[in-house]
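The chain contents come next:
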Amino acid sequence: DTAVSQTPKYLVTQMGNDKSIKCEQNLGHDTMYWYKQDSKKFLKIMFSYNNKELIINETVPNRFSPKSPDKAHLNLHINSLELGDSAVYFCASSQRGGLAGFGGEQYFGPGTRLTVT
Amino acid sequence: GQQVMQIPQYQHVQEGEDFTTYCNSSTTLSNIQWYKQRPGGHPVFLIQLVKSGEVKKQKRLTFQFGEAKKNSSLHITATQTTDVGTYFCAGTETSGSRLTFGEGTQLTVNP
């Protein structure tokens, strides 16, 4: 059973297009995240949702819009894709990550490798 | 904001040599976590340290949390080719709830 799943695994698209990445977790966790990992392997947090509520919104262009229809799903929509958006995007979830307590261990999805040409 | 720095960024070792990566935070941490990411894979949680001066071992891996709870280290004894990957530390500020990742150390092991 996959704990955190993402689709698609690979995404190749042209500049200016709009694309979405989907994420689902079956761990019953309250908190979900989106990370961007660049070619140097730096992991940068983009967004975090706790029980469908946005709690972390880093300095990310507003072309990126997360949506959490329920606490098991967190999707990422990207408008007007640019070359610099090329990266691996990881979804993750954790049990303790809300404002009440320190972050619990995070479980990562397999990643979506986005290539913008 | 909180910064978590890791050194070295890259480390190449011969199989059988030891390896250490260091993690330093600009602020006091309530906990520190370590993750491993194999090439082409995703980060996988290894361990969490909470107490000042805590030391934990997992087979050939030894994890330490500094007395001041601002630094940590991961030491691997007698590396093997299966140890190849990027090791990340991640810490949570005592005053916050956000987990901040270090830049990672990419380890390669030559057989």
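Residues numbered from 1 in each chain as written. Chains lettered and ligands numbered in written order. Predicted model: local features only at pLDDT ≥ 70, side-chain atom pairs only at ≥ 80, totals over all residues. Heavy atoms only, no water.

### Digging into the packing of aromatic side chains
Inclusion rule: A pair of aromatic rings is counted whenever rings of Phe, Tyr or Trp (Trp by its six-membered ring) have centres within 6.5 Å, and the orientation is called stacked for planes under 30 degrees apart, edge-to-face for over 60 and tilted otherwise. Labels follow the DSSP assignment, with helices taken as runs of H or I lasting at least four residues and strands as runs of E lasting at least two, numbered in each case from the N terminus. To sort residues, take the accessible area from a 1.4 Å probe on protein chains only and compare it with the maximum for the residue type: under 20% means buried, over 50% means exposed, and anything in between is partly exposed.
For the structure on display, the rule yields 12 aromatic pairs over all chains. Ring geometry for Phe108(A) and Phe101(B): centres 6.0 Å apart, planes at 80°, overall edge-to-face. Of this pair, Phe108(A) sits in strand S10 (residues 107-108) while Phe101(B) is found in strand S10 (residues 99-101), placing the two residues in two different chains. Accessibility classification places Phe108(A) together with Phe101(B) in one group, the buried group. Arranged with centres 6.5 Å apart and planes meeting at 50°, the rings of Trp34(B) and Phe63(B) form a pair that is tilted. Linking Trp34(B) in strand S4 (residues 29-37) with Phe63(B) in strand S7 (residues 61-65), this pair joins segments that are 29 residues apart in sequence. Through successive ring pairs, a cluster of aromatic residues spans Tyr33(A), Tyr35(A), Phe90(A), Phe108(A), Tyr35(B), Phe45(B), Phe88(B) and Phe101(B).

### Notes on the side chain of Thr112(A)
Residues and elements named next belong to chain A. Selection rule: The term polar contact refers here to a pair of N or O atoms within 3.5 Å; inside protein, the definition further demands a hydrogen-donor-capable atom paired with an acceptor-capable atom, and it admits residues adjacent in sequence only when both atoms are side-chain atoms. Contacts between residues were defined by any pair of non-hydrogen atoms, one from each residue, lying within 4.5 Å.
With respect to the helices and strands, the residue Thr112 is situated in strand S11 (residues 112-116). Within polar-contact distance, the side chain of Thr112 engages the backbone oxygen of Pro8 at 2.6 Å. In contact with Thr112, not counting residues within four places along its chain, are Gln6, Thr7, Pro8, Lys9, Leu11, Ile21, Ala87, Val88 and Tyr89.

### Details of the sheet that holds strand S6 (residues 55-58) of chain B
Residue and element names in this part refer to chain B. Spelled out, the test is: Following DSSP output, two strands are said to pair if at least two bridges run between them. Convention adopted: a line fitted to C-alpha atoms gives each axis, helices being fitted over their contacting stretch, and angles between N-to-C directions are expressed from 0 to 180 degrees.
Taken together, five strands build an open sheet; the order of strands is S1-S3-S8-S7-S6 and the sheet is antiparallel. Looking along the sheet, the strands with just one partner apiece sit at the ends: strand S1 (4-7) and S6. Between one strand axis and the next, the sheet turns by 15° as a mean value, whatever way the strands run. Sheet topology note: the S1/strand S3 (residues 19-25) ladder contains four bridges and is antiparallel. Residue pairing for S3: Val4 is matched across the bridge by Ser25.

### A few points about the interface of chain A and chain B
It is common to give the size of an interface as the accessible area that goes away when the parts come together. Heads up, the condition is: Here the quantity called buried area is the total loss of accessible area, with a 1.4 Å probe, experienced by two parts when brought into contact, counted for both. Only one rule defines a salt bridge in this text: a Lys or Arg side-chain nitrogen within 4 Å of an Asp or Glu carboxyl oxygen. In this count, Pro and Cys sit with the nonpolar residues alongside Ala, Val, Leu, Ile, Met, Phe, Trp and Tyr, while Asp, Glu, Lys and Arg are called charged and the others, Gly among them, polar.
Listed by partner, the interface residues are 22 residues for chain A and 20 residues for chain B. At the boundary of chain A with chain B, total buried surface from both sides reaches about 1800 Å², with 56% on carbon and sulfur atoms. Counting across the chain A and chain B interface gives zero salt bridges. Classifying every residue of the side of chain A that touches chain B gives nine nonpolar, eight polar and five charged.

### Quick look at the pattern of salt bridges
All names here are of chain A. In the structure shown here, the tally under the stated rule is five salt bridges over all chains. Arg63 is paired through a salt bridge with Glu82; the nearest N and O atoms lie 3.5 Å apart. One end of the pair, Arg63, is in the loop between strand S6 (53-57) and strand S7 (64-70); the other, Glu82, is in the loop between strand S8 (73-78) and strand S9 (87-94), and 19 residues separate them in sequence. Assessed through its relative accessible area of 42%, Glu82 is described here as partly exposed.

### Things to note about the state of the cysteines
We apply this condition: By convention in this document, the label disulfide applies to cysteine sulfur atom pairs within 2.5 Å.
Under the definition given, this model contains two disulfides over all chains. One disulfide bridge connects Cys23(A) with Cys91(A), the sulfur atoms lying 1.8 Å from each other. Here the S-S torsion is close to -75°, and the disulfide linking Cys23(A) with Cys91(A) is therefore left-handed. Here Cys23(A) is found in strand S3 (residues 19-25), whereas its partner Cys91(A) is found in strand S9, with 68 residues between them in sequence. For Cys23(A), a relative accessible area of 2% corresponds to the buried category. Two residues share a disulfide in this structure: Cys23(B) and Cys89(B), whose sulfurs sit 2.0 Å from each other. Between Cys23(B) and Cys89(B) the disulfide shows an S-S torsion of about 75°. By sign, it is right-handed. Residue Cys23(B) is found in strand S3, and its partner Cys89(B) is found in strand S9 (residues 85-93); the two are separated by 66 residues along the sequence. Residue Cys23(B) is classed as buried on the basis of its relative accessible area, which comes to 2%.

### Quick look at the sheet that holds S3(A)
The strands that make up a sheet pair up through hydrogen bonds in the backbone, lying either parallel or antiparallel. Residue and element names in this part refer to chain A. The sheet built from four strands is open, its strands ordered S1-S3-S8-S7 with antiparallel pairing. Each edge of the open sheet carries a strand with a single partner, namely strand S1 (4-7) and S7. The average angle at which neighbouring strand axes cross in this sheet is 20°, direction not considered. In the sheet, S3 pairs with S8 via four bridges, with the strands oriented antiparallel. Residue pairing across strands places Glu24 opposite His73, the latter belonging to S8.

Just geometry here; none of it tells us what the structure is for.
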